[in-house]
Structures are given as C-alpha cells and as structure tokens.
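Examining the three-dimensional arrangement
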Amino acid sequence: MQHPSPYHRSILHAESHLISRPLRSVAAAALVVLLLCLPASPSQAQQIPASQWAVFRQIDGLLATDLHVVLPANGAIWFGGQNGVSRFDGTWTTYPLTDQAKTARADAAEDPASLVTAMAVDSDQNLLIGTQTGWVYRLDEGVWEQLFAVGAPIHALQVVDDAIWVGAQDGLTLIRGGRQTPVAPLQGNAIFAIQPGTSTVWIGADRGLWQVTTDGATALPYITEGSDALPAEAATAIALDKD
C-alpha cells in the first residue's frame with residue numbers, strides 16, 4: 001500500500017555506497033581546490049593559475065592537510081579537519097581550535113576534540129562546526145564559542161529556519177531556542193547527511209533514507225511512488241534536483 005503521507009512527492013538522489021563516509025579524509029598529504037568555485041576579484045585572479053587548478057599545503061597557509069569536510073559559503077571556501085578550520089577567498093585565514101576545545105599536551109595534534117567533522121552556516125552567517133567528540137561550536141567574529149554537546153561524533157550539520165540539526169553517530173538531534181530534542185525514531189542510527197526539502201528534512205542514515213517534519217515530531221522511512229522502500233543500506237549523501 002502506498003504511504004499515505006505526501007512525502008513521496010519529493011525527488012532526490014541518495015548515495016547508497018559508503019564511499020563518502022564523513023570520517024574519510026578529503027586529502028592525506030595535499031589539497032587540490034577547483035578555484036572556479038570562487039568569484040575572481042582582480043587581487044584573487046593574480047593567485048589563480050591559468051589551468052584553474054592549484055595545490056595547497058600547510059606551507060601555503062592551510063591549517064592541516066588531514067581534512068574531513070569542505071563548505072563553500074559567504075564568498076569563500078571553508079576547510080575543516082584536524083586542529084580547526086581554514087578559510088580561502090584568494091588568501092588563507094586559519095581558525096585553530098584553542099584550549100577550550102582541546103588540551104595542551106604533547107599529542108594534542110591527534111586530539112579528537114580538535115577534529116572538525118561537519119560544518120554549516122547559521123542564519124546570521126556565522127560558521128558552525130561539529131567535532132569528533134560531539135561538540136558544536138560557532139565562530140563569532142573570529143572567536144570560537146562552545147554551544148552544546150550531543151555526546152557522540154558528529155557527521156552532519158544543517159540549519160533550517162531557526163533550528164540547528166545535528167547528525168551524530170548515535171542519532172539525530174534538533175536544537176531550537178537552546179533546547180535539544182532527540183528525534184526518537186532515529187536514535188541509535190548513525191546520521192550521515194541532512195538536506196532541507198520543501199516541507200520536510202531529508203535524512204541519510206545507516207538504516208537508509210528518512211524524512212522528518214521540520215518540528216522533529218515525525219520521522220518516517222522514505223517510500224517510493226511504487227510503494228517500495230529504498231534498499232536498507234546506508235544513505236551517505238543527498239542532493240535535491242530542480243524538480
């Protein structure tokens with residue numbers, strides 16, 4: 001029987017293979033950036049080679065080469081990984097996580113508290129990050145502010161209207177007005193992707209593809225027009241088409 005909800009009218013693409021699990025590094029030793037992603041001002045254009053490709057390493061200004069997440073936002077590209085975040089808009093700016101996020105010890109470079117695994121931009125255009133230890137931080141005028149913890153490694157962040165959605169290793173959490181609300185049907189699920197839809201939020205989890213109402217009250221597995229559920233494999237990436 002066809003699912004009675006209107007959810008089946010949305011169209012999307014979900015990757016069912018685990019090629020993009022969040023904890024895989026974007027680059028192990030070097031970062032390659034397609035600079036066509038950025039608007040080329042005259043000053044920026046001087047730094048873009050004729051081939052439009054450039055390789056960046058720590059010697060060029062990148063905070064770390066062990067990267068886990070990339071976010072284009074606010075006319076720049078943000079790179080999150082070990083030790084914090086780097087921003088590129090033609091020049092590099094780095095925002096290391098300080099002692100509020102990690103302890104000062106000999107092995108601090110490997111401290112999971114300093115590993116950025118998810119990023120998003122809030123309604124005020126401030127950068128939000130999620131870490132391997134389950135904390136969410138906000139970058140406000142160049143200073144990291146610790147917001148809240150969800151208790152498990154964070155794989156995905158998304159801002160929808162006035163709410164922050166956090167996808168972690170052990171479930172989905174909705175934060176609105178400073179209040180944290182776990183989405184009950186998805187607790188115990190690893191959440192890999194969060195994508196706003198027309199009237200719901202699409203969730204990619206280790207138990208497949210789900211849709212959640214924007215208040216977090218209802219979460220249902222996705223059912224197709226033919227009344228068939230998607231394969232019960234992990235959905236690790238989601239994108240909406242133009243329709």
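Here is a short report on the structure shown in this document. (Residues numbered from 1 in each chain as written. Predicted model: local features only at pLDDT ≥ 70, side-chain atom pairs only at ≥ 80, totals over all residues. Heavy atoms only, no water.)

**A look at the nonpolar core**
Core analysis: the largest hydrophobic core is formed by 16 residues, its most contacted members being Trp165, Leu172, Leu186, Ile194, Ile203 and Val212. Elements with a minimum of two residues in this core: strand S12 (154-160), strand S13 (163-168), strand S14 (171-176), strand S16 (191-196), strand S17 (200-205) and strand S18 (208-213). Element by element, the count of residues in this core is highest for S17, at 3 residues. Contact partners of Leu172, with chain neighbours within four places excluded, come to Trp165, Val166, Gly167, Thr181, Pro182, Val183, Leu186, Gln187, Ile191, Ile194, Ile203 and Val212. In this structure, Val85, Tyr95, Leu139 and Trp144 belong to the second largest nonpolar core, which totals 15 residues. (Core = buried A, V, L, I, M, F, W, Y, C linked by side-chain atoms within 4.5 Å. Buried < 20%, exposed > 50% of the residue type's maximum accessible area, 1.4 Å probe, protein only. Helix = DSSP H or I, 4+ residues; strand = E, 2+ residues; numbered from the N terminus. Contact = heavy atoms within 4.5 Å.)

**Side note on the side chain of Asp122**
Its place among the elements puts Asp122 in the loop between strand S8 (116-121) and strand S9 (127-131). For the buried Asp122, no salt bridge exists, and the shortest N-O distance to an oppositely charged side chain is 4.3 Å, to Arg138. A distance of 2.9 Å separates a polar side-chain atom of Asp122 from the backbone nitrogen of Asp124. Leave out the neighbours within four places in its chain, and Asp122 touches Leu128, Arg138 and Val159. (Lys, Arg positive; Asp, Glu negative; His and termini not counted. Salt bridge = Lys/Arg side-chain N within 4 Å of Asp/Glu carboxyl O. Polar contact = N/O pair within 3.5 Å; in protein donor to acceptor, adjacent residues only side chain to side chain.)

**Structural notes on the sheet that holds strand S7 (residues 92-96)**
An order of S4-S5-S6-S7 is seen for the 4 strands of this open sheet, with the pairing classed as antiparallel. Both outer strands of the open sheet, strand S4 (67-73) and S7, are each paired with one neighbouring strand and no more. Geometrically, the sheet is characterised by an average inter-axis angle of 20 degrees between neighbouring strands, direction not taken into account. As paired elements, strand S6 (residues 84-88) and S7 share 5 bridges and run antiparallel to each other. (Pairing = 2+ DSSP bridges. Axes fitted to C-alpha atoms, helices over the stretch in contact; angles between N-to-C directions.)

**Description of the layout of surface pockets**
The computed volume of the second largest pocket comes to approximately 180 Å³. Lining of the second largest pocket is provided by 16 residues; of these, Asp122, Ser123, Arg138, Asp162 and Ile164 occupy positions nearest its centre. At the level of secondary structure, the elements contributing two or more residues to the lining of the second largest pocket comprise strand S11 (143-149), S13 and S14. Of the residues in the lining of the second largest pocket, the class split is 7 nonpolar, 3 polar and 6 charged. (1 Å grid on protein atoms, 1.4 Å probe; cavity = no way out; pocket = protein on both sides within 12 Å on 5 of 7 lines; lining within 4 Å. Points joined across faces, edges and corners; volume = space filled by probe spheres on them. Nonpolar A, V, L, I, M, F, W, Y, C, P; charged D, E, K, R; others polar.)

**Quick notes on the sheet that holds strand S10 (residues 135-140)**
Strand order in the open sheet formed by 4 strands is S8-S9-S10-S11, and the pairing between neighbours is antiparallel. Edge positions in the sheet fall to S8 and S11, since each has one partner strand and no second. Here the strands of the sheet are splayed against their neighbours by 25 degrees on average, with no regard to which way each runs.

**Overview of the environment of Trp165**
Within the secondary structure, Trp165 is located in strand S13. Among the residues examined, Trp165 registers a relative accessible area of 0% and is labelled buried.

**Some remarks on the environment of Ile194**
The topology assignment puts Ile194 in strand S16. In this structure the C-alpha to C-alpha distance between Ile194 and Trp165, which are 29 residues apart in sequence, comes to 7.7 Å. If sequence neighbours within four positions are ignored, Ile194 has contacts with Ala156, Leu157, Gln158, Trp165, Val166, Gly167, Leu172, Val201, Trp202 and Ile203.

**Quick look at unusual backbone geometry**
Phi at Asn83 is positive, roughly 85 degrees, even though this residue is not glycine. Its place among the elements puts Asn83 in the loop between strand S5 (76-81) and S6. With a phi angle near 65 degrees, Gln125 is a residue other than glycine that sits in the positive phi range. Here Gln125 shows up in the loop between S8 and S9. Gln125 sits in the partly exposed class, given a relative accessible area of 45%.

**Details of the pattern of salt bridges**
Tallied over the full model, the rule gives 3 salt bridges. Note that Arg87 is salt-bridged to Asp89, the shortest N-O span being 2.8 Å. Between Arg138 and Glu145 there is a salt bridge whose closest N-O contact spans 2.8 Å. Judged by its relative accessible area of 23%, Arg138 is partly exposed.

Just geometry here; none of it tells us what the structure is for.
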